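Read off the chains here:
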Amino acid sequence: MIKNKFYVTTPIYYVNDTPHIGHAYTTILADVLARFHRALGDDVFFLTGVDEHGQKVQQAAEKRGLAPQQHCDDLAPRFSSLWKELGISNDDFIRTTEERHIRVVQSILQKVFDNGDIYQKEYEGLYSVAEERFITEKEAESGQFREVKVLKEKNYFFRMSRYQERLIRYIEENPGFIRPEHRKNEMLGFLRQPLTDLCISRPKSRLAWGIEIPFDRDFVTYVWFDALINYISAVGYLSDEEKFKRWWPASAQLIGKDILTTHSIYWTTMLFSLELPLPEVIFAHGWWLMGESKMSKSLGNVIKPLDLIEQHGVDAVRYYLMSEMNLGSDANFTLENFIKRYNSDLANDFGNLLNRVSGLIGKYFEGVIPGQGDLSEADREIAAQASTLGSRVEELVRQYKVDAAIDQIMELIRVVNKYMEVQAPWKLAKTDLPAAGRVLYVATEALRIAAVLLRAVMPDKAGRVLEILGVQASGLVWGGLESGVKLPIFPPLFPRIELEKV
RNA sequence: CGCGGGGUGGAGCAGCCUGGUAGCUCGUCAGGCUCAUAACCUGAAGGCCGUACGUUCAAAUCGUACCCCCGCAACCA
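This structure is a prediction, so every number in the text was calculated from the model and none was measured.

**Details of the pattern of salt bridges**
Turning to step 1, where the next piece is worked out: Per the stated rule, a full pass over the model turns up 28 salt bridges.
Turning to step 2, where the next piece is worked out: In this structure, Asp43 and Arg246 form a salt bridge, with 3.8 Å as the shortest nitrogen-oxygen distance. Of this pair, Asp43 sits in strand S2 (residues 43-51) while Arg246 sits in helix H10 (residues 241-247), and the two are 203 residues apart along the sequence.
Turning to step 3, where the next piece is worked out: With relative accessibility at 48%, the residue Arg246 sits in the partly exposed group.
Turning to step 4, where the next piece is worked out: Measuring nitrogen to oxygen at the nearest pair gives 3.0 Å for the salt bridge that ties Arg341 to Asp345. Of the two residues, Arg341 and Asp345 are both situated in helix H14 (residues 335-365); the distance of 4 residues between them amounts to about one turn of the helix.
Turning to step 5, where the next piece is worked out: It is possible to trace a salt-bridge network through shared partners that takes in Asp31, Arg35 and Arg318.

**Brief notes about the environment of Leu75**
Turning to step 1, where the next piece is worked out: Here Leu75 is to be found in helix H3 (residues 68-85).
Turning to step 2, where the next piece is worked out: When residues no more than four places from it in sequence are discounted, the contact partners of Leu75 are Val15 and Asn16.

**Here we look at the sheet that holds strand S9 (residues 201-203)**
Turning to step 1, where the next piece is worked out: Taken together, the 3 strands give an open sheet; going across it, the order is S9-S11-S10, and neighbouring strands pair in antiparallel fashion. In the strand order of this sheet, the two ends are held by S9 and strand S10 (211-213), each with one partner. The sheet shows a mean angle of 50° between the axes of neighbouring strands, taken without regard to direction.
Turning to step 2, where the next piece is worked out: Of the strands in this sheet, S10 and strand S11 (216-221) touch helix H4 (residues 99-115), which is tilted by about 20° from S10.

**Some details on the sheet that holds strand S3 (residues 92-95)**
Turning to step 1, where the next piece is worked out: An order of S3-S2-S1-S12-S13-S7 is seen for the 6 strands of this open sheet, with the pairing classed as parallel. Only two strands of the sheet have a single neighbouring strand rather than two, namely S3 and strand S7 (178-179).
Turning to step 2, where the next piece is worked out: With 2 bridges connecting them, S7 and strand S13 (residues 281-285) associate as parallel partners. Its bridge partner being in S13, Ile178 is matched across the sheet by Ile282.

Rules behind the numbers
Residues numbered from 1 in each chain as written. Chains lettered and ligands numbered in written order. Predicted model: local features only at pLDDT ≥ 70, side-chain atom pairs only at ≥ 80, totals over all residues. Heavy atoms only, no water. Salt bridge = Lys/Arg side-chain N within 4 Å of Asp/Glu carboxyl O. Helix = DSSP H or I, 4+ residues; strand = E, 2+ residues; numbered from the N terminus. Buried < 20%, exposed > 50% of the residue type's maximum accessible area, 1.4 Å probe, protein only. Contact = heavy atoms within 4.5 Å. Pairing = 2+ DSSP bridges. Axes fitted to C-alpha atoms, helices over the stretch in contact; angles between N-to-C directions.

Keep in mind that these numbers describe shape and distance, not what the molecule does.
Structure follows, in structure tokens:
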């Protein structure tokens, strides 16, 4: 089998931010894709990390009386340990203050400077003393800023404008590059106006906490040539050419819709300047809207999605986030929806099916998985649907339709519940025990295949199902379930959430 | 005329690109089953697919205009 490579990235999160549902969503999505692709046999590299430079970090560190690096060292684990909790299977975690990153950023700056794509220019603009940043005229008119003065500052600029035409052509010629499609159109719309060049530096007098620009020690580079470079510095650009060749270009760069411009325009033109290929896909997902009216701090009923993990488990939250959002649009996060999803899909359909089959096997076969025997017409239908599930799910995952892929799996679960109803092995057992055994084998084997695929979404719980069924077989071929295995007694995987308790 | 997205049975969404009996999950009502986490299965009710024109033998699907929501407008996933 030819192995495809799959290199997936999340944005690097700003270390000073408190991790929230948004960070978790992007990262879980990347994890689910990574796990699906590993299950398909692809070679996977999954990168996430944190962005540690910039003014806010510098200020926050000062406030705490710490060196910025110390401050970052304290904060970075808030992300990395959350990912551990969430079962994230990233292969690397890059921090922009790491030596391996800084070196590459500086080499790149020098390279682009030598290309003639970085130049110095004096900039004059309105500057807010309180916020320590330049503001637009509109902002100044809004009256939100008290102390505004005109400030002149020299800075370095990246000649982004040079690549405008080329980028437009590229986007048009590669319709699958920016996804979903309406985001592509948004970017093409943006590119109808002339691109201005990008300010990429800050004088050290104003911002000390950054990567020093190699050709002008009085400056540090500001965000773009620092943060975005992580996607290539982490996989060996200018340091490990073999590794770099192996992984770049990225297969999928996942971002929230808010940083679409940054990635599809700044990042891509930077890559043009470096003469590197662009990522295959930049996918901008939507946002989770937090249930609106019903939540208010005064009512004291604010839901912190990450708290649900403690109550109902990581996998339930992962499942909810992945199944509820149509990738690319926004979705609403509400406790009601979460409970509905959990109860109907996980407790009633999936978890309960496991209990049905294992209960019957316990009752009529002393807990030992029966043999499948000669399949009837109805059995073969189930076997056929289960056997093709893998390829149907694969197709959907490759199209970034994760919710639809999950639905395909749950559809099999529903069909098996129906099959149980029609075959009624609890009745069959009294007249034709082997037939009952056959039905139970078929139902359980279908459940196994569903669990194998669900491991991408719920590594822990779906893995537990396979454990219970006593299978190492993670294959998707019919018949992986072994007869003769004794099933253990186990508590319900997904106990129903009773509304009264909530 | 800044840009973009959306308006589909009670709720949440899919379908629209490549026109041709309106689909899914939840909820409601009735029935069935009783192996199971009061779960599971069947059936039913419920939609003029935002509005109006137009193209077409045929439009939720294409075109035009309008109305209403929501984002973005240069680092909050």
